[in-house]
Amino acid sequence: MSRGALEYDDFDPRQEALREALCTLGNGYFATRGAAEESEAGEIHYPGTYLAGGFNRLKTEIAGRIIENEDLVNFPNWLCLSFRHAQDSPREEGEWFNPLAVELLHYRQRLDLKRGLLERDIRFRDRHGRETTLTTRRLVHMDNPHLAAIEWRLRPENWSGSIVVRSALDGRVINAGVARYRELASTHLSHLSSEPVGQESIRLNVETCQSRLRVSEAARTRVYQGARLVDACRRALQEQGYIAHELTLDLAQGEGVRIEKVVSLYTSRDSAISEAALAAEEAVLEAGDFEALLSRHVQAWSRLWQRCDVTLKNGERSQMVLRLHIFHLLQTVSPHSIDLDVGVPARGLHGEAYRGHIFWDELFIFPFLNFRIPEITRALLQYRYRRLGAARRLAREAGYRGAVYPWQSGSSGREESQLVHLNPKSGRWVDDNSSLQRHVNAAIAYNVWRYYEVTQDIDFLGFYGAEMLFEIARFWASAVTWNAERGRYDIRGVMGPDEFHDRYPWSDTPGLDNNTYTNLMVAWLLRRALDAHALIGAECRQELGEALALNDAELSQWDAISRQLYVPFHADGIPSQFEGYERLEEFDWEGYKTRYGDIHRLDRLLEAEGDSVNRYKASKQADVLMLFYLFSADELAELFTQLDYAFDLELLPRTIDYYQHRTSNGSTLSGIVSSWVLSRSDRARSLALLEEALESDIADVQGGTTPEGIHLGAMAGTVDLVQRGHAGLEVRDGLLSLNPCLPEPLKQLRLRLRYRGHWLEVEIDGDEMHLHAPEGWCGVEPIMIRGQQHTFGAGHRLRLRFDHDQARWEAF
């Protein structure tokens, strides 16, 4: 397996759905799953195309209620390209090419990560004994976000004759990519028009039925023999929501033909256009041929890899999968996202799981972007800022002040979390209380602050970030209640990242009290809101103070709450997941593993049995350990001291061990966190967990979830685990800090980082580390290496060697 390509050497119908998700091509504006051009949606294939921010709402009656869901829409299928023999007999037309209906003599599929190119090489024999070679290439253009292209090279090996090539745009698609959603309304598109455009092209125009988003696709199809453009006999086919060109060609044995399909996609929301249909027509008429498009596309990918590649010396597969994760991250959010009003969908632009909604996964994604393309982070944070009004409304409706962001967000920023969800194990619709995951509010505040730390973008903080921080802080200040008996503040009625526990087994009221993760995050963000208030300058403070009616008394209240929030502990000093956790029953992990094998989704298994995971000390992911993922030991010590709680480093391994034994790892994010928290204490186990996390999507370890869309947070999390976990990268007290701790088999790590506008090249090779700032550096700021300051500046090369006796890095 190549370190820069994902390859398959067979055609396996059982694996096609997974491969289609993993072979998705995109550019941050739109993405299309890696379905074969000749395939149709069904049990085997699902050729979906998704537009960043392309949502629509529909209503469905479920369990006696009217449920309105907003979905990331499956837009018209532009891939449609196939061929048949003109006649198999005097009375019979040939069959359209279908790998299932022929004998495959050779099959190879390759996703070229370096060039963003999906390739297939097929040789097959049909039922008439005709052998044909078909080589295909496809791209979704990374330079021009509105273009995509397909190239087919078809060669008859032992026959001559006429073929018919069909190139189409199909708008008769629905959202049907997730089986458990199929009871919900799924027809999002209305047909507007379809027509030929000139001699070579066709165009299809559709509109979403509720959000009124108009989308126009145009396709130009040409045929070449060698360098010669073939004037093929061509006819148009039109149906409601569908248009095609059929081209009839004469082929001679051994002589190949090249078919090019160039596609453009525009919407009514695009900038610098008059109208989407006209823009699509002009773009496809003016586009170059496949090779010209490929050249610009590869250049754009080359620039991205120059910024974003992370090189490991730890086996070919680990390197390839890490690059696959970076590749899919950059296809979902790219430089083209900067001009779009979009968030980060948890499952990428790769499928319809979670309906394309935006959760908290940006928490795992932004650290990678902050140190490479922070302009993307800034734009994605502005998606949140533009929805601050909706967050204020959501807080007001719940009886609070300030702003509370929804657990699931889509187009407008309203709460998109479902009220009921289908348990596929029992077939029952059950209540969904996940909107109580108010910790998404803390995650957004965390993202704002970490972006500022890395970039020192004071303009962003003053114009956007501080206002979000203040309104989030205001929400939490209104959500706490004073507990006179304890002399501390409580936060009641929430859910933590664990997700399994949404209520107490002895209560009918949803929500939990004093979730440790939530309370500590709130204590941290209140301090950061006060820091931002001090940083933004007198004029900005006055303007925001007047606009938000923010006064000194409220700031003093934030300070008091940040020092007096309650954190529950077990009798042995381990932080409790939430207040009352110790009253839950221990779970029979071994018994259930014996009975079911896969118990990742323990909540579904227990509900199907008529039981509830709320009764047990069993987590989908251990949210207490998330604190160790987000904060260094020094930061946690400061946080506990701020709250006047004792903090002992000996507490960390005991806490990790306790929750590791009570977690099902039902979330793909859980393995990332587990590997992180063990990176210093058990490096071998940490590396093993990293390798498991790398496999989570490519091997579909959850058994059917990846075909519905990749897990973008987990993919980005593996890269962040290498970057921050093993390199020890953080910003502390305004300085860039590194504390490398590579697991033994991980011999070498290379990466480039952009810190406050300047590039830093980092190479860690065993006990040696080389740092180089080739172009510039932040004044005379030193770099912190394992807590020690080292002089560093523009053009410097800092070489260090680890002294095991002194347990420190020494320059040489």
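Residues numbered from 1 in each chain as written. Predicted model: local features only at pLDDT ≥ 70, side-chain atom pairs only at ≥ 80, totals over all residues. Heavy atoms only, no water.

## As for the overall build of the protein
Within the protein, the regular secondary structure consists of 20 helices and 32 strands. Relative to a compact globule of 812 residues, whose C-alpha radius of gyration would be 28 Å, the protein shows 28 Å and is just as compact. In terms of principal-axis extent, the alpha carbons of the protein reach across some 90 × 70 × 60 Å. Looking at the 812 residues of the protein, the share that counts as buried comes to 63%. Of the contacts formed within the protein by residues at least 6 apart in sequence, a portion of 67% connects residues at least 24 apart. (Helix = DSSP H or I, 4+ residues; strand = E, 2+ residues; numbered from the N terminus. Rg over C-alpha atoms; globule rule 2.2 N^0.38 Å. Buried < 20%, exposed > 50% of the residue type's maximum accessible area, 1.4 Å probe, protein only. Contact = heavy atoms within 4.5 Å.)

## Looking at the sheet that holds strand S16 (residues 233-239)
Ordered in space as S6-S11-S17-S16, the four strands form an open sheet in which the pairing is antiparallel. For this open sheet the edge positions go to strand S6 (81-85) and S16, each flanked by a neighbour on one side alone. With strand direction ignored, the average angle separating the axes of adjacent strands in the sheet is 25 degrees. Pairing of S16 with strand S17 (residues 242-251), which is carried by seven bridges, proceeds in the antiparallel orientation. Note on S17: the bridge partner recorded for Ala236 is His245. (Pairing = 2+ DSSP bridges. Axes fitted to C-alpha atoms, helices over the stretch in contact; angles between N-to-C directions.)

## Side note on the pattern of salt bridges
Scanning all chains against the criterion turns up 81 salt bridges. Close ionic contact of Arg752 with Glu761 constitutes a salt bridge, the shortest N to O distance being 3.8 Å. Looking at Arg752, the relative accessible area reads 17%, which means it is buried. Judged by its relative accessible area of 30%, Glu761 is partly exposed. (Salt bridge = Lys/Arg side-chain N within 4 Å of Asp/Glu carboxyl O.)

## Describing the pairing of strand S10 (residues 147-156)
In terms of burial, S10 is largely enclosed, as eight of its ten residues are buried. Inspection of the sheet shows strand S9 (residues 131-140) paired to S10 by nine bridges, in the antiparallel sense. Following the sheet pairing, Thr135 is matched in S10 by Arg153. Hairpin connection, S9 to S10: the antiparallel pair is bridged by six residues. Here S10 pairs with strand S18 (residues 257-267) via eight bridges, running antiparallel. Among the inter-strand pairings, Ile150 is bridged to a residue of S18, identified as Lys261.

## Description of the packing of aromatic side chains
The full count for this structure, using the stated rule, is 41 aromatic pairs. Among the aromatic side chains, those forming a connected cluster through ring pairs are Tyr354, Phe359, Trp360, Phe364, Trp407, Tyr517, Tyr629 and Trp676. Above the face of the Tyr224 ring, Arg258 is positioned so that its terminal group lies 4.3 Å from the ring centre. Its end group placed over the ring of Phe812, Arg801 keeps NZ or CZ at 4.0 Å from the ring centre. (Phe/Tyr/Trp six-rings, centres within 6.5 Å; stacked < 30°, edge-to-face > 60°. Lys NZ or Arg CZ within 6 Å of the ring centre and 35° of its normal.)

## Digging into helix H11 (residues 538-548)
If you check which residues of H11 are buried, you get Cys540, Leu544, Gly545 and Leu548. Seen end-on, H11 carries its buried residues on one side only, within an arc spanning 130 degrees. Facing away from the buried side of H11 by more than 90 degrees, the exposed set consists of Ala538, Glu539, Gln542 and Glu546. Where the residues of H11 are buried, they touch helix H7 (388-397) and helix H9 (458-479). Remark: Ala549 follows H11 within two positions and exhibits a positive phi of approximately 55 degrees. (Arc of directions from axis to C-beta.)

## Observations regarding the sheet that holds strand S24 (residues 730-732)
Backbone-to-backbone hydrogen bonds join strands into a sheet, with any given pair of strands oriented parallel or antiparallel. An order of S24-S25-S29-S30 is seen for the four strands of this open sheet, with the pairing classed as mixed. Unpaired on one side and paired on the other, S24 and strand S30 (788-790) mark the two borders of the sheet. Geometrically, the sheet is characterised by an average inter-axis angle of 40 degrees between neighbouring strands, direction not taken into account. Note: strand S29 (residues 783-785) against S30, three bridges, orientation antiparallel. Looking at S30, one finds that Met784 is bridged to Gln789.

## With respect to H7
Owing to its 3.6 residues per turn, the α-helix aligns residues three or four sequence positions apart on the same side. Among the residues of H7, those classed as buried are Leu388, Ala390, Ala391, Leu394 and Ala395. On an axial view of H7, the arc spanned by its buried residues comes to 160 degrees, and they lie on one face. Facing away from the buried side of H7 by over 90 degrees, the exposed positions are Arg396 and Glu397. On its buried face, H7 sits against helix H6 (374-386) and H9. Looking one or two residues past H7, Gly399 carries a phi angle of roughly 90 degrees, positive in sign.

## Looking at the packing of helix H8 (residues 439-455) against helix H10 (residues 516-535)
Relative orientation of the contacting elements H8 and H10 amounts to 40 degrees, with a least axis distance of 9 Å. Comparing their axes, H10 and H8 come out oblique. The element H8 and its partner H10 pack so that their crossing is left-handed. Where H8 abuts H10, its residues His439, Ala442, Ala445, Tyr446, Trp449, Arg450 and Tyr452 lie against Tyr517, Thr518, Met521, Trp524, Leu525, Arg528, Asp531, Ala532 and Leu535. Looking at the contact of H8 with H10 residue by residue, the classes come out as eleven nonpolar, two polar and three charged. (Parallel < 35°, antiparallel > 145°, perpendicular 65-115°, else oblique. Left-handed = near helix turned anticlockwise from the far one by under 90°. Nonpolar A, V, L, I, M, F, W, Y, C, P; charged D, E, K, R; others polar.)

## Here's the deal with the side chain of Asp270
With respect to the helices and strands, the residue Asp270 is situated in the loop between S18 and helix H2 (276-286). For the buried residue Asp270, which engages in no salt bridge, the nearest side chain bearing the opposite charge is Arg269, 8.5 Å off. A distance of 2.7 Å separates the side chain of Asp270 from the side chain of Tyr29, its partner in a polar contact. Here the side chain of Asp270 touches Thr267 through a polar contact of 2.7 Å, landing on its backbone nitrogen. Those residues in contact with Asp270 that lie beyond four places of it in its chain are Tyr29 and His146. (Lys, Arg positive; Asp, Glu negative; His and termini not counted. Polar contact = N/O pair within 3.5 Å; in protein donor to acceptor, adjacent residues only side chain to side chain.)

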